[in-house]
Amino acid sequence: MRTILDFARARREEQPIVVVAAYDALMARLVAASEADAILVGDSVAMVVHGHPSTVHATVEMMSLHTAAVRRGAPEAVVIADMPFLSVRRGRDEAVRSAGELLQAGATAVKIEGVSGHEEVIGHIVGSGIPVMGHLGLTPQSIHQLGGHRIQARSAGAAAGLRADAQRLEELGAFAVVLECVPAALAAEVTRERVIPTIGIGAGPDTAGQVLVLSDLLGLDARFQPRFARRYHDGAQAVVKAVNAFARDVREAKFPAGTEVLA
Ligand code: KIV
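Scope of this entry: the structure provided in the associated data block. Since the model is a prediction, treat every value here as computed from it, not as a measurement.

Concerning helix α1 (residues 5-12)
Stage number 1. By the burial criterion, the buried members of α1 are Asp6, Phe7 and Ala10. Angularly, the buried residues of α1 cover 110 degrees about the axis, an arc narrow enough to put them on a single face. Pointing more than 90 degrees away from the buried face of α1 are the exposed residues Leu5 and Arg12.
Stage number 2. Buried residues in α1 make contact with β1 (17-21), β2 (38-41), β3 (78-82), β5 (132-137), β6 (176-180) and β7 (198-201).

If you want it as structure tokens, here you go:
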């Protein structure tokens, strides 16, 4: 993908959209070299990289720093940056300033959690020329209100609310919407109803695309295995094994040796 217009093209052509969340230049370069379509600089960076217990610790400054790093690693990629906790709730001007900061840091678009109560802000950001991706279902910035990481919109009423929110996002000009931790049947229904592509995470197989966090798909955190994520690599074990091999070599005076010894 070269631009966010490719999301609409992929949706029309029924090409599944692949998004990977990554946070730094090194990983962004690797994702850009892969067949993934876009990079999300998710506010999960606050947990994965900074070790915070939730995404509410992400700030505009933190997101800008990581967005700039990702852009340096992937100069041609479509890069979507999360608007962090409360950044869309401090008034229209503050929200557009934060979104602008993320674009100036290198983002192609921003992602905003929820829609209810900040419709005007979303419309204003879109109207300012900043592409917006929505995020419905489990919205981790509201984790304390949601009572933990659990499947959302299970009741008929909540499902109807989510469908209405997706419609509202489309009307406001969002170019795509992430559906996180919602029943597969509901995600399939929203996907059928909407023109904009749905990008699922824990939302079953019938969305227009899928997103995973790079460290989850690489299995880099042995303690964290969300049920909906698939590990494509045992990264945690691979890293420990490699570091142990280095430690062994140092202790046995096998490193450096040969060409590694500079004359
Ligand atoms: O912050 C993040 O990584 C995300 C994805 C899980 C969708 O929002």
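Right, picking up where we left off after that structure.
Some words on the layout of surface pockets
Stage number 1. Of the pockets and cavities examined, the second largest pocket occupies roughly 620 Å³.
Stage number 2. Gly114, Thr139, Ser142, Gln145 and Leu146 are the residues nearest the centre of the second largest pocket, which is lined by 27 residues in total.
Stage number 3. Those elements giving two or more residues to the lining of the second largest pocket turn out to be β5, α7 (143-146) and α8 (156-172).
Stage number 4. Among the elements that line the lining of the second largest pocket, the one with the most residues is α8, at five residues.
Stage number 5. Residues that form the lining of the second largest pocket fall into these classes: eleven nonpolar, 13 polar and three charged.

Thoughts on the nonpolar core
Stage number 1. Residues Phe7, Ile80, Val110, Ile125, Leu179 and Ile199 are the most contacted members of the largest nonpolar core, which totals 71 residues.
Stage number 2. Ranked by the residues each element gives to this core, the list is headed by α8, at five residues.

Thoughts on the side chain of threonine 198
Stage number 1. Mapped onto the secondary structure, threonine 198 falls in strand β7.
Stage number 2. For threonine 198, a relative accessible area of 0% gives the class buried.
Stage number 3. At 2.6 Å, the side chain of threonine 198 and the side chain of threonine 191 are in polar contact.
Stage number 4. Excluding its chain neighbours within four sequence positions, the residues that come into contact with threonine 198 are Val177, Leu179, Val190, Thr191, Thr207, Ala208 and Gly209.

Calculation criteria
- Here, residues in each chain are numbered from 1, in the same order as that chain's written sequence.
- Under the rules for a predicted model, residues below a pLDDT of 70 receive no local features and side-chain atom pairs below 80 are neither given nor counted, while totals for whole chains, interfaces and linings still include all residues.
- Side-chain metrics rest on all non-hydrogen atoms present in the structure, leaving aside hydrogens and water.
- Buried residues are those whose accessible area, probed at 1.4 Å on protein chains only, stays under 20% of the maximum for their type, while exposed residues exceed 50% and partly exposed ones sit between those limits.
- Secondary structure counts use DSSP, requiring at least four H or I residues in a row for a helix and at least two E residues in a row for a strand, with both numbered from the N terminus.
- Comment: arc refers to directions from the helix axis out to C-beta atoms.
- The contact definition used throughout considers only heavy atoms, calling two residues in contact when any of these lie within 4.5 Å.
- Both cavities and pockets are sets of points on a 1 Å grid over the protein atoms alone; in a cavity a 1.4 Å probe fits but cannot get out, in a pocket the set is open with protein on both sides within 12 Å along at least five of seven lines, and lining residues sit with an atom within 4 Å of a point.
- Grid points are joined across faces, edges and corners, and a volume is the space filled by probe spheres set on the points.
- Ten residue types, Ala, Val, Leu, Ile, Met, Phe, Trp, Tyr, Cys and Pro, are classed as nonpolar, four, Asp, Glu, Lys and Arg, as charged, and the remainder, Gly among them, as polar.
- Among the buried residues, those of types Ala, Val, Leu, Ile, Met, Phe, Trp, Tyr and Cys that are joined through side-chain atoms within 4.5 Å form a nonpolar core.
- In protein, a polar contact means a hydrogen-donor-capable atom and an acceptor-capable atom, both N or O and within 3.5 Å, with residues adjacent in sequence counting only if both atoms are side-chain atoms; elsewhere, any N or O pair within 3.5 Å suffices.

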